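# Descriptive structure summary
Below are the chains, spelled out letter by letter.
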Amino acid sequence: MSLAGLGVQAPLLLGQVSQPMLLDQFTQPLLLDQLSLRYAYATFAILLAVGLYMMVASPNLVKKVIGLNMFQSAIFLFFVATAYMHGGSVPVIPTEGGAVGEYASPLPHVIVLTAIVVGVSLTAVALALIVRIYTEYGTLDERTIREVVDDNG
Amino acid sequence: MANPELALLVAIPILAATLPLFLGLRFDRVGWPIALVVAIVEVALASVVVWRVFTERAAGGAYTHHLGGYPREYGIELVADPLSASVVALVAVVALVVLGYARRGGPRRNSFYAAYLLLCGGLMGATLTGDVFNLFVFLEIVGLATYALVAADRSGRSALAALKYLIIGTAGASLYLVGAGYIFVATGTLNMLELQEAIPETVGYTDPLVIASFGFVAVGLGVKAAVFPLHTWMPDAYAESPDTVTAYISGLVSTVGAYALGRLIYTVYTPAFFEAVPLAADVLVAVATVSIVAGSVLAVMQPDVKRMLAYSSVAQFGMIVAAFGLATQQALLGGVIHLIGHGLMKTGLFLAVGVLATAYGVRTVRRYANVGYRAPLTSAALGTLLLALVGVPPSIGFLGKWYIAWGAIEAGAAIVAGVVFFSTLLTLLYAARLLEALYFTPSHLVQGGVPADDITAYPDGGVEDGDAPGDVPGDVPGDAPGDVPGDAPGDAPEDGRGDEDGHVDRIEPVDPSVSVGMVAVAALLAFVAVALGFAGPAMEAFLEPFLQEVL
């Protein structure tokens, strides 16, 4: 899959990302413009860290899965943000062709859709396993479960 | 280009995975026959692919299939080259062989076989795809099927192990996706071959985005390949899952994870990236080297046999990743051979361990005492595979380690060569522990050991009657002491002592369901592991075009 074939130039896309050198090369954005472009990446990093922390630190199994979902959502946000084109239109191109100007890159959206499907199925499996664990141990607290498992050898 | 066999390799098992569920509404126990048919078809298709790669790639042509007829700029491409063809062959063979065990030994529900086939299709897809995002999707399909399989016996412990694996594995796959996203942003393409050209042409190897993407990809796939310290899911997942599942996933799932890492390193980033960013290669080799030592040391300390073999996998994958990081011709050759060899050997080992656990209820190294004389064929297979894993020639384990060590010396990485040698000694240490228990520890010295004689009461299938031992031994363990001396007077003194101590009574109830097939597949894999030890030149000739291409 390639952007070049879809009519979006790679450098245009590069301009969207925190790439100081290339950014200067291709665009001359205002400070406000940069901020409006980059807060999404900052949010991506924060959500990623929060999700990871929840997975590691929370003893509650369901909260671990929520952390995992947040971790994945951060990545979806990253992909959608890379597709964003300031002032660009919806990537719907008439079959007869013709100039459509700048438009958002459709490929990252497709990727995110697929990744969301993957994420939902993983969440389903995880919750099914948690139901099994709950019926077996009667708790969702990881520490309690570990004690029970250790006691039973 | 249209080579439909590549697409069929992926599509057939995934589509067939629905059949056990649908037909299961009408019929019982349809899973196994369906899985068997699919596995045979997969082996046939895989041999076609291997044959065509061997004959046609030598001429230099690309062997690809464009899904939906879209060229690789727009669509997804399936690519077979010597590396992916080797792994495809491994997946097909192991999927078929494990079925020989699963008929008697495994979970028999239809849903189990649905997951079994889904995993097979996912592994094929991850192996053949030429698109970095598609690789993520297939890795997640592999993951999903594996989590379901690990929990297949529906116990709380296995569900816990599966959930741990799910959370760690998904986090790893997500990190890989971040890496794929970074490289996509840097170059604007997702096709591996396009990326290979696009990285140096657009941003260059030293671009922070490319380096960061390599870091994410390496960590993400390192989780999948269970490289220390990202291995923590592996011992639990292997030890708690049913024996059939352990054999199946130990040979394939991490193998494909390591394969994906090698594929990304050599096809996308290429050794030129390592030259531009030597730190990346150094860190990779250093982590892998630590993994070899840590995995081996942890393996030696395990009382549980399955857990011990799981930690041994950590060490072996460390060796494979180190070989990928060294990026010399011999090391890469050794890495690929060891990747395939480890898959075969671990599957065989877990199958043999499963046979012994089913027949005698023994799961710890201590309780393996004297089992070697009770289950001669299975134990011989187990012993042979252990020695192959250590690297005793002639065996595929020896070939892999030999080439990796040779490559390490070639690359001037004396530490890695030393660690490979040292880890062979450590492997010998835990292999010898098991072998000593099997053959040289009298069972009466061990609490709960299996008594030394009365072989017919516990046929392991390879001994004499095999096929239907079910009815005879079911009642034996409890009341065995009484009849034993009469049956085999020669061993009476030993056994007499065992009886007096009352140890024999502690044998777990035996599930008398070991079939000839279960023993035969373990023996077959032991035979293959040794036979492939003679196939070094052939494998070198097969992988030569790939090595030439990437190095």
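See above for the structure.
The structure contained in this document is the topic of the report that follows.

About the cut-offs
- Residues numbered from 1 in each chain as written.
- Chains lettered and ligands numbered in written order.
- Predicted model: local features only at pLDDT ≥ 70, side-chain atom pairs only at ≥ 80, totals over all residues.
- Heavy atoms only, no water.
- Helix = DSSP H or I, 4+ residues; strand = E, 2+ residues; numbered from the N terminus.
- Buried < 20%, exposed > 50% of the residue type's maximum accessible area, 1.4 Å probe, protein only.
- Contact = heavy atoms within 4.5 Å.
- Areas by Shrake-Rupley, 256 points an atom, 1.4 Å probe, with all protein chains shown as cover.
- Phe/Tyr/Trp six-rings, centres within 6.5 Å; stacked < 30°, edge-to-face > 60°.
- Core = buried A, V, L, I, M, F, W, Y, C linked by side-chain atoms within 4.5 Å.
- Salt bridge = Lys/Arg side-chain N within 4 Å of Asp/Glu carboxyl O.
- Expected span 1.5 Å × (residues − 1).
- Buried area = accessible area lost by both parts, 1.4 Å probe.
- Polar contact = N/O pair within 3.5 Å; in protein donor to acceptor, adjacent residues only side chain to side chain.
- Nonpolar A, V, L, I, M, F, W, Y, C, P; charged D, E, K, R; others polar.

Helix and strand counts for chain B come out as 22 helices and two strands. Taken across its 551 residues, chain B has 65% of its residues classed as buried. A separation of at least 24 residues holds for 80% of the contacts in chain B among residues at least 6 apart in sequence. Carbon together with sulfur atoms contributes 67% to the accessible area of chain B, which is approximately 17800 Å² in total.

Attention now moves to the packing of aromatic side chains. Counted according to the given criterion, the structure contains 27 aromatic pairs over all chains. Ring geometry for Phe 78 of chain A versus Phe 79 of chain A: centroids 5.6 Å apart, planes at 75 degrees, classification edge-to-face. Judged by its relative accessible area of 3%, Phe 79 of chain A is buried. Here a set of aromatic residues connected by ring pairs shows up, and it is made of Tyr 41, Phe 44, Phe 78 and Phe 79 of chain A together with Tyr 182 and Phe 216 of chain B.

The nonpolar side chains of a soluble globular protein tend to be buried with one another. Residues and elements named next belong to chain B. Judged by nonpolar contacts, the single largest core of 230 residues is most densely connected at Tyr 248, Leu 264, Tyr 269, Tyr 368 and Leu 382. Of the residues forming this core, the biggest block, 19 residues, is contributed by helix H7 (residues 156-187). Excluding its chain neighbours within four sequence positions, the residues that come into contact with Tyr 368 are Val 305, Val 353, Leu 356, Val 362, Arg 363, Leu 382, Leu 434, Ala 437 and Leu 438.

Glancing now at the pattern of salt bridges. Residue and element names in this part refer to chain B. Enumeration according to the criterion identifies 11 salt bridges over all chains in this entry. Residue Asp 243 pairs with Lys 306 through a salt bridge whose shortest N-O separation is 2.8 Å. Residue Asp 243 is found in helix H11 (residues 243-276), and its partner Lys 306 is found in helix H13 (residues 305-326); the two are separated by 63 residues along the sequence. The exposure classification of Asp 243 matches that of Lys 306, with both residues buried.

Our focus in this paragraph is unusual backbone geometry. All names here are of chain B. In this structure, Pro 229 follows Phe 228 across a cis peptide bond, with omega equal to 0 degrees. Relative to the helices and strands, Pro 229 resides in the loop between helix H9 (208-224) and helix H10 (233-240). Cis rather than trans, the peptide bond between Pro 393 and Pro 394 has omega equal to -5 degrees. In this structure, Pro 394 sits in the loop between helix H16 (376-390) and helix H17 (396-410). Residue Arg 154 is not a glycine yet carries a positive backbone phi of 60 degrees. Turning to its location among the elements, Arg 154 is positioned in the loop between helix H6 (132-150) and H7. Despite not being glycine, Ala 226 shows a phi value in the positive range, around 60 degrees. Counting through the fold element by element, Ala 226 comes out in the loop between H9 and H10.

So, about helix H14 (residues 329-360) of chain B. Residue and element names in this part refer to chain B. Taking 1.5 Å per residue as the helical rise, H14 with its 32 residues ought to reach 46 Å, and the 46 Å between its terminal C-alpha atoms agrees with that figure. By the criterion of burial, H14 is predominantly enclosed, with 31 of the 32 residues buried. Two residues or fewer past H14, Gly 361 is found with a positive phi of approximately 70 degrees.

With 40 residues of chain A at the contact, the number on the chain B side is 42 residues. Here chain A packs against chain B, burying approximately 3600 Å² in sum over the two surfaces, 79% of which is carbon and sulfur. Applying the counting criterion to the chain A and chain B interface returns three residue pairs in polar contact (both at pLDDT 80 or more). In terms of residue count, helix H5 (residues 106-137) of chain A provides more of the side of chain A that touches chain B than any other element does, 16 residues in total. The residue makeup of the side of chain A that touches chain B, split by class, is 29 nonpolar, eight polar and three charged.

All names here are of chain B. In this fold, Ser 296 is placed in helix H12 (residues 278-301). From its side chain, Ser 296 meets the backbone oxygen of Ile 292 in a polar contact 2.8 Å long. Residues within four places of Ser 296 in sequence aside, it is in contact with Ala 315, Ser 423, Leu 426 and Tyr 430.

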